[in-house]
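Coordinates in review
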Amino acid sequence: MDAKIGKFLDSIGNFFTGSDTIPWCDSDIVLGCEREVAEAEKDSSDERKSECLLRLSWALVHSKRPEDVQRGIAMLEGSLPSTSDPLQTREKMYLLAVGYYRSGDYTRSRHLVDRCLEIAPDWRQAITLKKSIEDHIKKDGVIGIGIAATAVGLVAGGLAAALSRKK
């Protein structure tokens, strides 16, 4: 019983704090990946360059800095059409979904994660991301309903006060 109460209280806390299970990345990791890409550009195979760019994209879309996330989205959108390997396509679509999720575009993120799950239905990362997206959409809906109810209450209260003054 205590475990159920604890889980319930945690879910309420998560609702208000907006916590999720998608990892964050700090700027040191982004810088390290950028250095790795620069080194790979000089004297590495195309495969190595591609791996380094994918790691950089991962770091950017998981960054806490919105400008990094946008940069990661742009990199992934630019490279996705030329990707022929199905596994890399899936990875890039997932990373794009993370980027859109981080930037608050839950509709695009859900669409991309659904495409990932069509390719790999048991992919736990994509399932977890989809749950986080749906939780945010529900939370935004509840907040929107609360705001609308408050506005209606204020208008009704104002009308009631105005009518009571007339009498």
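Values in this document were obtained by computation on a predicted structure and should not be read as measured data.

1. Comments concerning the environment of A40
Its location among the elements puts A40 in helix 2 (residues 27–43). Given the relative accessible area of 1%, A40 is considered buried. For the pair A40 and C52, spaced 12 residues apart in the sequence, the C-alpha separation amounts to 7.2 Å.

2. Let's talk about the side chain of T89
Looking at the element boundaries, T89 is found in helix 5 (residues 86–102). Leave out the neighbours within four places in its chain, and T89 touches L80 and T83.

3. Details of the side chain of S63
Within the secondary structure, S63 is located in the loop between helix 3 (46–61) and helix 4 (66–79). Exposure remark for S63: the relative accessible area of 2% places this residue in the buried category. Apart from the residues lying within four places of it in its own chain, the contact partners of S63 are W24, C25, V30, D68 and V69.

4. Thoughts on the packing of aromatic side chains
Given two aromatic rings, their pairing is described by the distance between the two centres and the angle made by the two planes. For the structure on display, the rule yields 2 aromatic pairs. Pairing Y94 with W123 gives two aromatic rings, centres 5.0 Å apart and planes at 50°, and the pair type is tilted. Of this pair, Y94 sits in helix 5 while W123 is found in the loop between helix 6 (106–119) and helix 7 (124–166), placing the two residues 29 residues apart along the sequence. For W123, a relative accessible area of 11% puts it in the buried group. Sitting above the plane of the W123 ring, R90 keeps its charged end 3.9 Å from the centroid. Note that R102 overlies the ring of W24, its terminal NZ or CZ placed 3.6 Å from the centroid.

What counts, and where the lines are drawn
Residues numbered from 1 in each chain as written. Predicted model: local features only at pLDDT ≥ 70, side-chain atom pairs only at ≥ 80, totals over all residues. Heavy atoms only, no water. Helix = DSSP H or I, 4+ residues; strand = E, 2+ residues; numbered from the N terminus. Buried < 20%, exposed > 50% of the residue type's maximum accessible area, 1.4 Å probe, protein only. Contact = heavy atoms within 4.5 Å. Phe/Tyr/Trp six-rings, centres within 6.5 Å; stacked < 30°, edge-to-face > 60°. Lys NZ or Arg CZ within 6 Å of the ring centre and 35° of its normal.

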